[in-house]
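Topology and contacts: notes
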Amino acid sequence: MSDTDQTGPTGPYPPTADMLAEPVPQGEQDRTAAELRAAWAPPTGWRYFTAVNNSEVGLWYALTAFGFMLLAGVLALVMRLQLALPDNDLISADRFNQFFTMHGSAMMFLFAVPMFEAIAILILPAFLGGRDMPFPRLSAFGFWCFVIGGVFVMGSLLFDAAPTAGWFMYPPLATQDEGPGSDIWLLGLSFIEIASIAAAVELIVGALKCRPPGMRVNIMPLYAWYVLVVGGMILFAFPPLIAGDFLFELERSFDWPFFDPTRGGDPMLWQHLFWIFGHPEVYIVFLPSIAIAAMVIPTVARRPIVGYSWIVLSAVGTGFLSFGLWVHHMFTTGLPNISLGFFSAASEAVVIPTGIQLFAFAATLIAGRVKMSLPMLWIAGALAIFTAGGLTGVMLAIAPFNWQVHDSYFIVAHLHYTLFGGMVFPVIAGVYYFFPFIRKKMLSERLGRWAFWLIFTGFNVTFLPMHLTGLLGMPRRIFTYPEASGWGWLNMISTLGAFVIAAGFVVFVWDLLRSKGSQTQVPRNPWDAGTLEWSHDVPEEYWGARSIPHITSRYPLWDDPDLVARMDAGRYYLPDSPHGHRETLVTSVIDASPELAQRVTGPTWITLWAAAFTGGAFIFPTFHMYPPAIVSGAFAVVCILYWLWTSTARPPEHGMRDAGLGLRLPTYASGPKAVGWWAVWITMLGDATAFASVVFGFFFYWTAKPDFPPEGAMHAAPALVGLAVLVLALSWALTLGARHWNGAGRVGAARGALVAAPLLAAGGCAALIASVQALEPASHVYPAIIWALMIWVVAHAMVGIIMQLYCLAGSVSGKLTPRHDADLWNVTLFWHFLCLTVLVAGAVIGLAPGVL
Amino acid sequence: MSDEHRPDPDEERREFREERESLWRITLAPATWVAHFVASYGVVAVTCAKAPDLLGAARLGLGLFTLVALAIILWLGWRAWRQWDVRNTGDYTNALGEAEDRHQFLGHAAVLLALISAIGVVYGTLPVVMLETCR
């Protein structure tokens, strides 16, 4: 069998003790280290910003998110000053509205979720002894999208044009709001949500396919379990909001009445879509932060975690149950009490898995020999504050109590207790714990204690009185209050506390950013931890891991005293880079047996260009400038195609590679063995969720409105809908056929199918567009939602057409061959989902009106 | 365990081999909870909006569905319990990097998830049992 036909690994695996004990000659060590160093060299000078390495992108991501957090914190301080005294006029009501809207939006969308992505991108590969994430350029693209979107949304404050309707943008207040504020929120944050989904795809594939050999699912670090769960939650939580944004922006831009009750719409649909996102979101920020605690606590207790399986249960169980809570934000909207009951019950049930992990942590600390450290101090503060927030959460899950305190400062107190305890404190603990890994320096113990006690005290002084302020009746989001209300002294205490928190953050930021040049070199494993990230190189190297180890336990650094020395010697896998490529190891999902030496992408400007043009496509519509938006979108597509064409799934020069320890690995894979296929699969799962949310909207109107569809309404032309479904399904069948024929070596037949398929798809789009021409979307919500479904299908079909043509071009130019057909596998997978979308949309548009 | 009861090593290797496992399997019990939750919410929402008089029938139907969901979770939990096999191995942590440990760990996780899913289903049934009207 020739080298290029081989698709599986050959050679011994797992390695024996003798193979591992055999020393690596010094000359070879030096040669391979030099190869790796050259392949992973970071770009210098002004090209520094082309870096895509996870250590650079993760750091930028974290610092940017932290910067947005500080800005949002300053907004909070100004609001606290305004509220310190009754009848205060420091800022106007409108500016106050802008500030609380942006405070919440920025903390959630520009800090909490991006911070999870940032930290995960930064440290997950190190936990897994890996070189980088599987798609470094995707991380970089996501980061630049985040920067552009974040600066745009925050920048609106400077022009007095920020959104004012609160961070959950309820219609009709937000739909009827004058000025571009709501559009800035919708388009700017949709853009960032897409970046979040990109990060989720990256992290899920990273945790599933890029673990070191031997790291079976039962011994992977708990952090990876949490990343997997949270990535999955992002896939199911963010798409409903994106679907909601899609409908909302159609209403804002074209007056399609999705949320306007005078024309059959319903503002409640937005509340449902927002909170199907919004409640899981709380757990999306909580779980990865508590995952940091799950990494710090065994180190502090100097023993393995107690109840590993229980913590996995807790992460997975919380992930599921958290989707059954969304209506507890809507208890006062007049839904049937029996419906409220389901959500109240699930809200109480989620406490069980959430509590289990805290008990597992406590058990670990009790069973271990605790060595109190600064990270542990922050974790302890987190547990105390989160527990208090959790207890008020149990109270709020009870509907009658909720009715009493709804929209009062009791809610403000509750949510800050959960988010400070569940997110801010554990993340700061993580900063202290991982700082020696990230920057190869230590943060100051003394300053850290000052920061802790200032923030911890300030936090409780600020938010503990707010429970009482709320019970005394102060509503949230009011810009001032009369003296007679009697809330003045409580608000003054809260304001004083807020400035104590701010003082603590000043100390923390100073410690973080001050020059540490005079510090002696940190020890490699300063906390005596047991997990792989502490095998890092001091001083810094950019290759991630010198060689990728074979792992046989949960705490390899504790259990295998020779491991680090062997990694350093290049004894393990991929210790070299004979062709100067950046590579990482891809392994199987369950048992992490080696499958592939995956080439990963390096520094480039194209991700910045792609992000800039994608930004244009989202930002221009804010000001109703549609032609520039379309041009910008087209340029974004061109940039992304260039990026894919030049650097992904290209046939390798060498089909197999010596991976070390006698193992030979293929360098190319297609279908389910390829990381790209997994990424498409996961992305499309999210996309299908968004589509399902739009379809949910259709049926929501049917249950909520007696006149849906209205008497005598025009319907989509059934014959044309049927034709469109048929032709698009044929296009799907031809795409699938092209993959089969290409794989069987019948390249001509495959190319023929790839010529016919896009033509059919274009015809299907035309038929679908024609089928709804008689409907007037601005007149009533029924034609509007049918148009929305049509737009959804056509937009996806256009992407599908580009993909088919991309494969055709690949086949003609030799990029795509019968052996190297990863692109065609991925495109077929996209078309499977598209075909399903077409069938469902066709049934809803064409058949449902007759049945309902 | 005496020698004659020890399974043939080849058979053991087959039983624990990677292709027989799936991460999806541990999510089946929570997925049953999801199905029960969505059905409860959907049936009640449609009944209360379109035909409040039929709520009695809807509650009865949901009660029966609860029994079905609990039966499914019980069955999944029992299978997972056998996979965990803790009464034979006495190993509660499965912390080693062997195929057998991974196999039993996935069983353990699935047992615990079945337990929490069953609690979730019972909680989710309480409103149906206790509330007799939509209001």
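The model shown is predicted, which means the values in this text are computed figures rather than measured ones. (Residues numbered from 1 in each chain as written. Chains lettered and ligands numbered in written order. Predicted model: local features only at pLDDT ≥ 70, side-chain atom pairs only at ≥ 80, totals over all residues. Heavy atoms only, no water.)

Our focus in this paragraph is the overall build of chain A. Within chain A one finds 26 helices and 4 strands. Over its C-alpha atoms chain A spans a radius of gyration of 28 Å, differing by no more than 12% from the 29 Å that the globule rule assigns to 852 residues. By its C-alpha atoms, chain A is 80 × 75 × 50 Å across when sized along the principal axes. Burial status across chain A gives 64% buried among its 852 residues. Intrachain contacts of chain A at a sequence separation of at least 6 include 81% that bridge at least 24 residues. For chain A, the computed accessible surface area is about 29200 Å², with 69% contributed by carbon and sulfur atoms. Looking at chain A, you have 42 positive and 52 negative side-chain charges, and the mean spots of the two groups are 9 Å apart. (Helix = DSSP H or I, 4+ residues; strand = E, 2+ residues; numbered from the N terminus. Rg over C-alpha atoms; globule rule 2.2 N^0.38 Å. Buried < 20%, exposed > 50% of the residue type's maximum accessible area, 1.4 Å probe, protein only. Contact = heavy atoms within 4.5 Å. Areas by Shrake-Rupley, 256 points an atom, 1.4 Å probe, with all protein chains shown as cover. Lys, Arg positive; Asp, Glu negative; His and termini not counted. Charge placed at Lys NZ, Arg CZ, Asp CG, Glu CD.)

Residues and elements named next belong to chain A. It is the contact of helix H4 (residues 93–127) with helix H15 (residues 409–439), at a shortest axis distance of 12 Å, that shows an interaxial angle of 35°. Considering only the axes of H4 and H15, their crossing is left-handed. Along its contact with H4, which presents His103, Met108, Phe111, Ala112, Met115, Ile119, Leu122, Ile123, Ala126 and Phe127, the element H15 presents His416, Leu419, Met423, Val424, Val427, Phe434, Phe437 and Ile438. Class assignment of the residues belonging to the contact of H4 with H15 gives a composition of 16 nonpolar, 2 polar and no charged. (Axes fitted to C-alpha atoms, helices over the stretch in contact; angles between N-to-C directions. Left-handed = near helix turned anticlockwise from the far one by under 90°. Nonpolar A, V, L, I, M, F, W, Y, C, P; charged D, E, K, R; others polar.)

Using the criterion set out here, one finds 85 aromatic pairs over all chains in the structure. Ring geometry for Trp326 of chain A against Tyr41 of chain B: centres 5.6 Å apart, planes inclined by 85°, an arrangement best described as edge-to-face. Here Trp326 of chain A is found in the loop between helix H10 (308–321) and helix H11 (337–349), whereas its partner Tyr41 of chain B is found in helix H3 (residues 28–50) on a different chain. As far as the burial class goes, Trp326 of chain A and Tyr41 of chain B line up, both buried. Arranged with centres 5.2 Å apart and planes meeting at 80°, the rings of Phe698 of chain A and Phe708 of chain A form a pair that is edge-to-face. Taken together, the residues span a long stretch of sequence, with Phe698 of chain A in helix H22 (residues 675–704) and Phe708 of chain A in the loop between H22 and helix H23 (718–743) at a distance of 10 residues. A network of ring pairs unites the aromatic residues Phe66, Trp378, Tyr417, Phe420, Phe425, Tyr432, Phe452, Trp453, Phe456, Phe459, Phe463 and Phe508 of chain A as a single cluster. Against the face of Tyr308 of chain A rests Arg554 of chain A, its NZ or CZ located 3.6 Å from the ring centre. (Phe/Tyr/Trp six-rings, centres within 6.5 Å; stacked < 30°, edge-to-face > 60°. Lys NZ or Arg CZ within 6 Å of the ring centre and 35° of its normal.)

Another aspect to go through is the confidence of the model for chain B. All names here are of chain B. Mean pLDDT over chain B works out to 88, with 88% of the residues at or above the 70 mark. Element-level pLDDT for chain B is lowest in helix H1 (residues 9–16), with a mean of 63, against a maximum mean of 96 in helix H4 (residues 55–84). Every residue in residues 1–7 is under pLDDT 50, and counting partners more than four places away or in other chains gives 3 contacts. (pLDDT = per-residue confidence, 0-100.)

Before going further, it helps to examine the interface of chain B and chain A. Between chain B and chain A, the contact holds 44 residues from the first and 47 residues from the second. Across the chain B/chain A interface, buried area totals approximately 3900 Å², and carbon plus sulfur atoms make up 76% of it. Three residues stand out in chain B for area buried against chain A, namely Glu18, Tyr41 and Phe105 of chain B, and they jointly supply 17% of the buried area on that side. Our enumeration of links across chain B and chain A arrives at 1 salt bridge. Note that Asp591 of chain A is salt-bridged to Arg102 of chain B, the shortest N-O span being 2.5 Å. Counting every contact that joins chain B to chain A gives 10 residue pairs in polar contact (both at pLDDT 80 or more). (Buried area = accessible area lost by both parts, 1.4 Å probe. Salt bridge = Lys/Arg side-chain N within 4 Å of Asp/Glu carboxyl O. Polar contact = N/O pair within 3.5 Å; in protein donor to acceptor, adjacent residues only side chain to side chain.)

Residue and element names in this part refer to chain A. The biggest cluster of nonpolar side chains holds 317 residues, and the ones touching the most others in it are Tyr223, Tyr226, Phe258, Trp270, Phe361 and Trp378. A per-element tally of this core places helix H9 (residues 267–301) first, with 23 residues. When residues of this core are assigned to domains, at least three map to each of domain 1 (53–513) and domain 2 (689–851). Apart from the residues lying within four places of it in its own chain, the contact partners of Tyr226 are Leu287, Ile290, Ala291, Ala294, Ile311, Ala315, Gln357 and Phe361. Counting residues in hydrophobic clusters, the runner-up holds 6 residues, among them Ala33, Ala39, Trp543 and Val600. (Core = buried A, V, L, I, M, F, W, Y, C linked by side-chain atoms within 4.5 Å. Domains from an automatic or database assignment.)

Now for the pairing of strand E3 (residues 656–660) of chain A. Residue and element names in this part refer to chain A. Extensive coverage of E3 is indicated by the burial of 4 of its 5 residues. Sheet topology places E3 next to strand E4 (residues 663–666); 4 bridges connect them, and they run antiparallel. Within E4, the position partnered with Asp658 by the bridge is Arg664. Remark: 2 residues form the turn of the hairpin made by E3 and E4, two consecutive strands paired antiparallel; Leu661 in that turn has positive phi of roughly 55°. (Pairing = 2+ DSSP bridges.)

Looking now at the domain arrangement of chain A. Residues and elements named next belong to chain A. By domain assignment, chain A separates into domain 1 (53–513) and domain 2 (689–851). Between the C-alpha centres of domain 1 and domain 2 there is a distance of 36 Å. Contacts between domain 1 and domain 2 engage 22 residues on the former and 21 residues on the latter. Across the contact surface, domain 1 and domain 2 share 0 salt bridges. At the surface where domain 1 touches domain 2, the tally comes to 4 residue pairs in polar contact (both at pLDDT 80 or more). Listed by contribution, the elements that provide at least two residues to the side of domain 1 that touches domain 2 are helix H8 (222–254) and H9. At 9 residues, H8 tops the list of elements feeding residues into the side of domain 1 that touches domain 2. In terms of residue class, the side of domain 1 that touches domain 2 is made up of 16 nonpolar, 3 polar and 3 charged.

Moving on, we get to the state of the cysteines. Enumeration over the complete set of coordinates arrives at 1 disulfide over all chains. Disulfide partner of Cys48 of chain B: Cys134 of chain B, at an S-S distance of 2.0 Å. With the S-S dihedral at roughly -90°, the linkage between Cys48 of chain B and Cys134 of chain B falls on the left-handed side. In this pair, Cys48 of chain B is assigned in helix H3 and Cys134 of chain B in the segment after helix H6 (99–130), connecting sequence segments 86 residues apart. Just as Cys48 of chain B is buried, Cys134 of chain B falls in that class too. Here Cys765 of chain A stays free of any disulfide, with the sulfur of Cys835 of chain A as its closest cysteine sulfur at 13 Å. (Disulfide = S-S within 2.5 Å.)

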